[in-house]
Amino acid sequence: MSYETILTETRGRVLLLTLNRPKALNAINAQLTAEVIEAVTKADADPEIGCIVITGSERAFAAGADIKEMQHLTYAEVYGKDRFADWERFNAVRTPIIAAVAGYALGGGCELAMMCDFILAADTAQFGQPEIKLGVMPGMGGSQRLARYVGKAKAMEMCLTGRMMDATEAERCGLASRIVPAADLVEEAVKTATIIAGMSKPAAMMTKEAVNRAYETTLAEGLRHERRVFHAMFATDDQKEGMAAFVEKRPATFSHK
Ligand code: CAA
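Residues numbered from 1 in each chain as written. Predicted model: local features only at pLDDT ≥ 70, side-chain atom pairs only at ≥ 80, totals over all residues. Heavy atoms only, no water.

## Some points on the overall build of the chain
Filter applied, for reference: Comment: elements are numbered from the N terminus, with helices defined as DSSP H or I runs of at least four residues and strands as E runs of at least two. In this description the radius of gyration comes from C-alpha coordinates, and the expected globular size is given by 2.2 Å times residues to the power 0.38. Residue contacts are counted whenever heavy atoms from the two residues lie within 4.5 Å of one another. The protein chains shown are the only cover counted for residues, whose accessible areas, like all others here, come from Shrake-Rupley with a 1.4 Å probe.
Summing up its helical and strand segments, the chain has 12 helices and 10 strands in all. By the compact-globule yardstick of 18 Å for 257 residues, the chain fits well, its C-alpha radius of gyration being 19 Å. Taking the principal axes of its C-alpha atoms as reference, the chain extends roughly 60 × 40 × 40 Å. Long-range contacts, defined here as pairs at least 24 residues apart, represent 68% of the contacts in the chain between residues at least 6 apart. In the structure as shown, the chain presents an accessible area of about 13700 Å², 58% of it carried by carbon and sulfur atoms.

## Looking at helix 5 (residues 108–115)
To keep things clear, this is the line we draw: Exposure is judged per residue with a 1.4 Å probe applied to protein chains only, and the accessible area is read against the type maximum: over 50% gives exposed, under 20% gives buried, and values in between give partly exposed.
The element helix 5 is extensively covered by neighbouring structure, given that eight of its eight residues are classed as buried. By the burial criterion, the buried members of helix 5 are G108, G109, C110, E111, L112, A113, M114 and M115.

## Some thoughts on the site of the ligand
We count it as follows: The nearness test applies per residue and asks whether one of its heavy atoms lies within 4 Å of the molecule or strand. Here a polar contact is taken to be a pair of N or O atoms separated by no more than 3.5 Å, where protein atoms must pair a possible hydrogen donor with a possible acceptor and residues adjacent in sequence count only if both atoms sit in side chains. All residues other than Ala, Val, Leu, Ile, Met, Phe, Trp, Tyr, Cys, Pro, Asp, Glu, Lys and Arg, Gly among them, are scored as polar; the first ten of these are nonpolar and the last four charged.
The environment of the ligand is made up of 24 residues, and the closest members are A65, G108, E111, E131 and G139. Within the contact set of the ligand, an oxygen atom lies 2.8 Å away from a side-chain nitrogen or oxygen of R59. At 2.9 Å, a backbone N or O of I67 approaches a nitrogen atom of the ligand. For the ligand, the accessible surface in isolation is 970 Å², of which the surrounding protein chains cover 66%. Listed by contribution, the elements that provide at least two residues to the shell around the ligand are helix 2 (67–70), strand 6 (104–106) and helix 5. If one sorts the elements of the shell around the ligand by residue count, helix 2 sits on top with three residues. Across the shell around the ligand, the residue classes tally to 14 nonpolar, four polar and six charged.

## Looking at the sheet that holds strand 6
Using the following cut-off: Between any two strands, at least two bridges found by DSSP are needed for them to pair. Note on geometry: axes are lines fitted to C-alpha atoms, helical ones only across the stretch in contact, with angles between N-to-C directions running from 0 to 180 degrees.
One open sheet holds the four strands; their spatial order is 4-6-8-9, and the pairing between them is mixed. Sheet topology places strand 4 (60–62) and strand 9 (164–166) at the edges, where each strand pairs with a single neighbour. Put simply, the sheet's adjacent strands are angled 20 degrees from each other on average, direction ignored. Strands strand 4, strand 6 and strand 8 (126–128) of the sheet are contacted by helix 5, whose axis makes an angle of about 90 degrees with strand 6.

## So, the pattern of salt bridges
The following threshold applies: The rule for a salt bridge is simple: a side-chain nitrogen of Lys or Arg has to be within 4 Å of a carboxyl oxygen of Asp or Glu.
Per the stated rule, a full pass over the model turns up 13 salt bridges. Notably, a salt bridge pairs E9 with R11, separated by 2.9 Å at the nearest N-O pair. The class for E9 is partly exposed, based on a relative accessible area of 38%. A salt bridge links R21 to D66; the nearest nitrogen and oxygen atoms lie 2.9 Å apart.

## A look at the sheet that holds strand 2 (residues 14–19)
If you trace the six strands from one edge of the open sheet to the other, you get 1-2-3-5-7-10, paired in mixed fashion. Strand pairing shows two members of the sheet lacking a second neighbour, strand 1 (6–11) and strand 10 (178–180), which therefore form its edges. The sheet shows a mean angle of 25 degrees between the axes of neighbouring strands, direction not considered. Taken together, the three bridges between strand 7 (residues 118–122) and strand 10 define a ladder with parallel strand orientation. Residue pairing across strands places L120 opposite R178, the latter belonging to strand 10.

## Quick look at the packing of aromatic side chains
Quick reminder of the rule: Pairing of aromatic rings covers Phe, Tyr and Trp, the last through its six-membered ring, and needs centres within 6.5 Å; plane angles under 30 degrees mean stacked, over 60 mean edge-to-face, and all others mean tilted.
Inspection of every chain in the model, using the stated rule, returns three aromatic pairs. Each ring, one from W87 and one from F90, has its centre 5.6 Å from the other, and the planes form 65 degrees; the classification is edge-to-face. Of this pair, W87 and F90 are both found in helix 4 (residues 87–91), three residues apart, which corresponds to roughly one turn of the helix. Considered together, W87 and F90 belong to a single accessibility category, that of buried residues. Both rings, one in F230 and one in F234, keep their centres 5.3 Å apart while their planes meet at 65 degrees; by these two values the pair is edge-to-face. Residue classification places F230 among the partly exposed positions, given a relative accessible area of 45%.

## Thoughts on the side chain of T55
Tracing the backbone shows T55 in strand 3 (residues 51–55). Overall, the relative accessible area of 4% leaves T55 in the buried class. Of the polar contacts made by the side chain of T55, one reaches the backbone oxygen of A100; its length is 2.8 Å. Those residues in contact with T55 that sit more than four places away from it in its chain are L16, L17, T18, L19, F61, A100, L185 and V186.

Printed below as a string of structure tokens:
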């Protein structure tokens, strides 16, 4: 399928997905939603892809859900179609996903970045949940994920005032894993993704699942889940290869099985 609102490029075992509605600062409309979800779902099923990078432009990762598309919708329409529920399919992707954010990541843009497994921020990045200024509130997970990323005080302030947070603040409070110069952002993200994609894919998928469990369950259940998944890894070829390579003092060559 050819896409109109995103660009996709395969670099080794990494899928680089670039949001591409520059005139609308990558505002997330129905078409972009469908194309992003289709592309990541396809990559997730592809054994040749070990990590996905999602990025935008220098000016904007994404400036939110498309306000012009939503403006005249009624309650019956948004509730009837369960607007934004399609993103559950994005959340079901088991391949690791990195958000490489430069410029604005606002509203749905910030929420899309937070749906990814971690955020690399350019020094130009600006994060925010400004929906309240439109008379609404976050609808793609912002009130829930921002609170989990940065804690209640900052999430509440961000969602209630709509103010933006720069890259330094985002890194300090745990929203971004690292800050990189804007000019190096995509290369650095692909480099990081290439490291992840070089690991055993089952190990990376199970690790993602285990870390995400930490946000969904009690500590006791999470620890039990982690232990059981750790045990299961001894059924993989990659565990045999990874440990043999260490003992034989050579690099591991994973078969992703
Ligand atoms: N939806 C639709 N179009 C958008 C948009 C959005 N979220 N954000 C920007 N655009 C469009 C603008 O309308 C403008 O288009 P025109 O040239 O046709 O007028 C173009 O992108 C460039 O934007 P600006 O002229 O506004 O650029 P700027 O540099 O002056 O300002 C900005 C940049 C601060 C990001 C500003 O565009 C802005 O505030 N955007 C809206 C941010 C926002 O409120 N996001 C939340 C959306 S609701 C949501 O996301 C709900 C949810 O939880 C899922």
